Amino acid sequence: MAYTLAGILFVGYVGILWWARTPDVSDVYRMYYIDHELQEWPGEDGISFISGEWEYLGVTNGEEEKASKRMGRGWSHREAEGRWTDGNQVRMWYRIPEGEQSSSFQLACDIVACITPEPVLVYAGDILMGEISPSQSGTVLFSVPANCTDENGVLEIVLYIQQTVVPTGGNDNRELGVMISKIKMEKDGMEYDK
């Protein structure tokens, strides 16, 4: 009887451990709570693609400015003018609706400052879209090719900072590259207002 009870408990514990290691959760839940990819909880629809809407990376000024919560590891904290990249690569994600995954898009990034001496390479998944030149500022547009999403319809945008810069003086040990104030993505062919 004791061996049977011990066997049942053992099988139950193995089942619980298996379920804990492979939970059936949404990709956003997994990115934030399990993989710790996202810096802020965006909500279940927080990385969804919303065409033509500026999202602010810095401290927002009220309801008219939507704070972006699609930022992953490597982004520094929010500042008044935007966010710096901190390290050699940063990520952000867009969930593209199924009917639009075969469309091409345009990504706009409003650059506040770029202190890296090397270009910042910008990728959609594994495809190089272009670069942010050293000392660049203003709005930069990138063409996002069609069919760059993963099997869940999520588009990963990656910025590779080839050479970071640690600020001189003070206690700031961040490895900075580029500061971006806002981002916006639209279907290719739409007009961008700056």
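Residues numbered from 1 in each chain as written. Predicted model: local features only at pLDDT ≥ 70, side-chain atom pairs only at ≥ 80, totals over all residues. Heavy atoms only, no water.

A word on unusual backbone geometry
One non-glycine residue, His 36, lies in the positive phi region at around 55°. Positive phi is not limited to glycine here, since Ser 135 has a value of about 65°. Among the secondary structure elements, Ser 135 is positioned in the loop between strand 7 (127-132) and strand 8 (138-144). Relative accessible area serves as the criterion here: at 64%, Ser 135 is assigned to the exposed category. (Helix = DSSP H or I, 4+ residues; strand = E, 2+ residues; numbered from the N terminus. Buried < 20%, exposed > 50% of the residue type's maximum accessible area, 1.4 Å probe, protein only.)

Some thoughts on helix 2 (residues 27-34)
Of all the residues in helix 2, the buried ones are Asp 27, Val 28 and Met 31. Down the axis, helix 2 shows its buried residues gathered within 110° of arc, on one side only. Buried residues in helix 2 make contact with strand 4 (89-95) and strand 9 (154-161). Looking one or two residues past helix 2, His 36 carries a phi angle of roughly 55°, positive in sign. (Arc of directions from axis to C-beta. Contact = heavy atoms within 4.5 Å.)

Things to note about the pairing of strand 5 (residues 105-114)
Buried residues dominate strand 5, accounting for eight of its ten residues. As defined by bridge partners, strand 5 adjoins strand 8 across seven bridges and the pair is classed as antiparallel. Its bridge partner being in strand 8, Gln 106 is matched across the sheet by Ser 143. The pairing of strand 5 with strand 10 (residues 176-187) spans nine bridges and is antiparallel. When the bridges of strand 10 are listed, Ala 113 appears paired with Met 179. (Pairing = 2+ DSSP bridges.)

Things to note about the nonpolar core
Counting 30 residues, the largest nonpolar core has Ile 157 and Leu 159 as the members making the most contacts within it. Those elements that place two or more of their residues in this core are strand 4, strand 5, strand 6 (120-124), strand 7, strand 8, strand 9 and strand 10. For this core, the element with the most residues is strand 5, which contributes five residues. (Core = buried A, V, L, I, M, F, W, Y, C linked by side-chain atoms within 4.5 Å.)

Overview of the pattern of salt bridges
Counted by the stated rule, this structure contains ten salt bridges. The residue Glu 53 makes a salt bridge to Lys 66 at a minimum N-O spacing of 3.3 Å. Separated by 13 residues along the polypeptide, Glu 53 in the loop between helix 2 and strand 1 (55-56) and Lys 66 in strand 2 (residues 66-67) bring together distant segments of the chain. Residue Lys 184 pairs with Glu 186 through a salt bridge whose shortest N-O separation is 4.0 Å. Each of Glu 40, Arg 78 and Arg 83 takes part in one network of salt bridges that share partners. (Salt bridge = Lys/Arg side-chain N within 4 Å of Asp/Glu carboxyl O.)

What to know about the pairing of strand 6
Taking burial as the measure, the five residues of strand 6 include five buried ones, the bulk of the element. What you see with strand 6 is no split at all: Val 120, Val 122 and Ala 124 on one side and Leu 121 and Tyr 123 on the other are buried throughout. The pairing of strand 6 with strand 7 spans five bridges and is antiparallel. Bridging from a neighbouring strand, Val 122 pairs with Gly 130 of strand 7. With antiparallel pairing between neighbouring strands as the criterion, strand 6 and strand 7 make up a hairpin whose turn holds two residues, including Gly 125 at a positive phi of roughly 65°. Summarising the sheet, strand 6 and strand 9 pair through five bridges and their orientation is antiparallel. Paired with Ala 124 across the strands is Ile 157, a residue of strand 9.

Don't take any of this as a statement about function, it's just geometry.
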